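# Coordinate analysis (summary)
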Amino acid sequence: MIIEPRIRGFICLTAHPKGCEQNVINQINYTKSKGTINGAKKVLVIGASTGFGLASRITSAFGSNAATIGVYFEKPAQPGKTASPGWYNTAAFEQQAQAAGLYAKSINGDAFSNEIKEKTIDLIKADLGQVDLVIYSIASPVRTNPVTGITHRSVLKPIGQTFTNKTVDFHTGVVSTISIEPCTEEDIANTVAVMGGEDWDMWMEALNKAGVLAPGATTVAYSYIGPDLTEPVYRKGTIGRAKDHLEATASVITGKLGNIGGKAYVSVNKALVTQASSAIPVIPLYISLLYKVMKEKGIHEGCIEQMQRLFAQRLYFSGGVPTDDKGRIRIDDWEMRTDVQDQVAALWKEATTETLPAIGDLEGYKTDFYNLFGFKVNGVDYTADTDEMVEVPGLV
Ligand code: NAI
Ligand code: NA
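Computed from a predicted structure; not experimentally measured. (Residues numbered from 1 in each chain as written. Chains lettered and ligands numbered in written order. Predicted model: local features only at pLDDT ≥ 70, side-chain atom pairs only at ≥ 80, totals over all residues. Heavy atoms only, no water.)

On to the site of ligand 1, then. In the vicinity of ligand 1 lie 29 residues, with S49, T50, A111, K243 and T274 positioned nearest. Between ligand 1 and G51 there is a distance of 3.4 Å, counted from an oxygen atom to a backbone nitrogen or oxygen. Calculation on ligand 1 without its partners gives an accessible area of 840 Å², and the protein chains cover 92% of this total. Counting residues per element, the ones that place at least two in the shell around ligand 1 are α2 (51-64), β11 (213-223) and α8 (275-278). Its residues assigned to classes, the shell around ligand 1 comprises 14 nonpolar, eleven polar and four charged. (Near = heavy atom within 4 Å. Polar contact = N/O pair within 3.5 Å; in protein donor to acceptor, adjacent residues only side chain to side chain. Areas by Shrake-Rupley, 256 points an atom, 1.4 Å probe, with all protein chains shown as cover. Helix = DSSP H or I, 4+ residues; strand = E, 2+ residues; numbered from the N terminus. Nonpolar A, V, L, I, M, F, W, Y, C, P; charged D, E, K, R; others polar.)

Encoded structure:
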């Protein structure tokens, strides 16, 4: 069929298999162009199908020749209805990995459940024995706690007071003022339950108990800090509480991995256009100004460039893993540079519907958004009849 984007607010209802494939190939080529990383050889990526998780999987496989197992939650296609982008991304990745002689298998299901954890452990035992790196890169609005059976929903709200600031509808380019009412105590607890560290801890405990973590195994989860501008709705809002919890969980996990000499890290990453970040108010305006400034300075990165730097210059850096005073890995260092943040803050004041096309990178934002779903990707023929029914070769 001919597959076109069908946008509804922050999501696109369709995805293009060839565009997703091309995105994956581009990321693989980037990784290969940067040479070998002396990294982990057996890697489990939880949240492996899009964004930072997919880029982590690609960096492991094509940077270090690693065998990879990916866990994700994606929709397969039905005749006449496309799959979700992570499905097509994974299909493309596993085709490329297997063609390169690399082990690549995956599990599609709810990573928060006991069942998917057990299935993953069984697969590691059967095929790899143990893993030496576990990447935890889940972004979800909802989680059912397998112990209590309670379903928690996260919210993106400020704490204590109403937050009023500018935002942009990135489809229309209209800049407007929005006010977000403060959350309740229950909202905070629910957001921490979904996006905090509890599930990461459960994964690492289950993997450790099953004996599938290699001696000295490392695990990494991803966090975000960002500027003062977005603080009320991000780092000091409900999602920030969840990130505080995630960061605190790293030392809890490290404590529990003493038996194998393992270590848990949080890496603070750069703000990027992903399905998760497009839904957060104010952030798209910040990102469009940030992209403009970082591109002008020649320091803009996407997910794959970020993960390349994480693996080559942080995790597997010969001089040991550099961290900040709170033990966090920082690859948001270029985003947070004073010259970058000063310029973004100045542009923020000037941003209106009229000025944004010139002072911000709204086009870059939009292109990245379409690219997430495999659209507007260079070299793809969108007029060609395309088979929506694509198999994931390593799906267990
Ligand atoms: P994403 O939406 O691109 O990826 C989310 C992944 O989680 C996908 O593979 C999806 O299939 C999987 N997933 C979601 N629910 C699942 C479930 N119940 N079971 C199994 N898999 C599930 O998100 P992104 O942006 O790559 O986020 C990953 C992490 O990076 C998050 O912790 C996020 O907060 C963090 N981060 C994101 C930044 C950004 O600007 N996008 C910046 C810094 C950190
Ligand atoms: Na991810």
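Going through the model one piece at a time under the given rule, you end up with 23 salt bridges. For K105, the salt bridge is made with D127, and the minimal N-O distance between the two is 3.0 Å. Note that K105 is positioned in strand β5 (residues 104-108) and D127 in helix α4 (residues 114-128), a separation of 22 residues in sequence. Note on K105: relative accessible area 29%, which makes it partly exposed. Given the relative accessible area of 33%, D127 is considered partly exposed. (Salt bridge = Lys/Arg side-chain N within 4 Å of Asp/Glu carboxyl O. Buried < 20%, exposed > 50% of the residue type's maximum accessible area, 1.4 Å probe, protein only.)

Turning to the coordination of the sodium ion (ligand 2), a few remarks are in order. Those protein atoms acting as donors to the sodium ion (ligand 2) are G47 (O), T50 (O), G53 (N), S137 (O) and S137 (OG), and they sit at 2.8 to 3.1 Å. On the primary sequence, the residues serving as donors to the sodium ion (ligand 2) are separated as G-x2-T-x2-G-x83-S. Taken together, the residues span a long stretch of sequence, with G47 in the loop between β3 (42-46) and α2 and S137 in the loop between β6 (131-136) and β7 (142-144) at a distance of 90 residues. (Donors = N, O, S within 2.8 Å, 3.2 Å for Na, K, Ca; no water.)

Now for the sheet that holds β5. Read from one edge of the open sheet, seven strands run β5-β4-β3-β6-β11-β12-β13, paired in parallel fashion. The open sheet has two free edges, formed respectively by β5 and β13 (329-330), since each of these has just one partner strand. The pairing of β11 with strand β12 (residues 263-268) spans six bridges and is parallel. Each bridged residue has a counterpart across the sheet, and for A221 the counterpart in β12 is V266. Sitting on the sheet, helix α3 (residues 85-99) touches β4 (67-72) and β5, and the angle it makes with β5 is about 160°. Its contacts with the sheet put α4 on β3, β4, β5 and β6, and the angle it makes with β5 is roughly 165°. (Pairing = 2+ DSSP bridges. Contact = heavy atoms within 4.5 Å. Axes fitted to C-alpha atoms, helices over the stretch in contact; angles between N-to-C directions.)

We now examine the pairing of β3. By the criterion of burial, β3 is predominantly enclosed, with four of the five residues buried. When β3 meets β4, the two strands line up parallel, connected through five bridges. When the bridges of β4 are listed, V45 appears paired with G70. Where β3 meets β6, four bridges bridge the pair, whose relative direction is parallel. Considered in β6, the bridge of V43 is made with L133.

Over the atoms a probe the size of a water molecule is rolled, and this reveals where empty space is left. The computed volume of the second largest pocket comes to approximately 650 Å³. Surrounding the second largest pocket, 27 residues form its lining, N23, Q27, C303, D368 and N371 being those nearest its centre. Secondary-structure elements contributing two or more residues to the lining of the second largest pocket are α1 (17-33), α2, α3, α10 (303-315) and α13 (362-372). Considered class by class, the residues forming the lining of the second largest pocket number ten nonpolar, 13 polar and four charged. (1 Å grid on protein atoms, 1.4 Å probe; cavity = no way out; pocket = protein on both sides within 12 Å on 5 of 7 lines; lining within 4 Å. Points joined across faces, edges and corners; volume = space filled by probe spheres on them.)

Counting buried positions over the eleven residues of helix α5 (residues 185-195) gives eight, a clear majority of the element. Every buried residue of α5 is listed here: D187, I188, N190, T191, V192, A193, V194 and M195. Contacts from the buried residues of α5 go to β7, β8 (151-153) and α7 (238-256).

On to a nonpolar patch on the surface, then. Among the surface-exposed residues, F10, I11 and L13 lie close enough to one another that they form a single nonpolar patch of about 270 Å² accessible area. Secondary-structure assignment places L13 in the loop between β2 (11-12) and α1. (Patch = residues over 30% accessible without salt bridge, like charges linked within 9 Å, V, L, I, M, F, W, Y side chains within 5 Å.)

On to the packing of aromatic side chains. In this description, an aromatic ring pair is defined by two values, namely the gap between the centres and the angle between the planes. According to the stated counting rule, one finds ten aromatic pairs in the structure shown. Here the basic side chain of K263 rests over the ring of Y265, its NZ or CZ set 4.9 Å away from the ring centre. Positioned above the aromatic ring of Y370 is the side chain of K376, whose terminal nitrogen or guanidinium carbon lies 4.4 Å from the ring centre. (Phe/Tyr/Trp six-rings, centres within 6.5 Å; stacked < 30°, edge-to-face > 60°. Lys NZ or Arg CZ within 6 Å of the ring centre and 35° of its normal.)

Moving on, we get to the state of the cysteines. The final tally for this structure, using the stated rule, is zero disulfides. Of the cysteine sulfurs around C12, a residue in no disulfide, the closest is that of C20, at 9.6 Å. (Disulfide = S-S within 2.5 Å.)

To continue, consider the environment of L315. Of note, L315 is situated in helix α10. Once the C-alpha coordinates of L315 and S267 are considered, the two residues, 48 residues apart in sequence, prove to be 9.6 Å apart.

Residues of the protein with pLDDT of at least 70 account for 100%, and the chain-wide mean is 97. Mean pLDDT per element in the protein: α8 is the minimum at 81, and β3 is the maximum at 99. (pLDDT = per-residue confidence, 0-100.)

A separate point is a positive patch on the surface. A grouping of R6, R8, K75 and K81 is seen on the molecular surface, where their side chains present a positively charged patch. Note on placement: K81 falls in the loop between β4 and α3. Judged by its relative accessible area of 48%, K81 falls in the partly exposed class. (Lys, Arg positive; Asp, Glu negative; His and termini not counted. Charge placed at Lys NZ, Arg CZ, Asp CG, Glu CD.)

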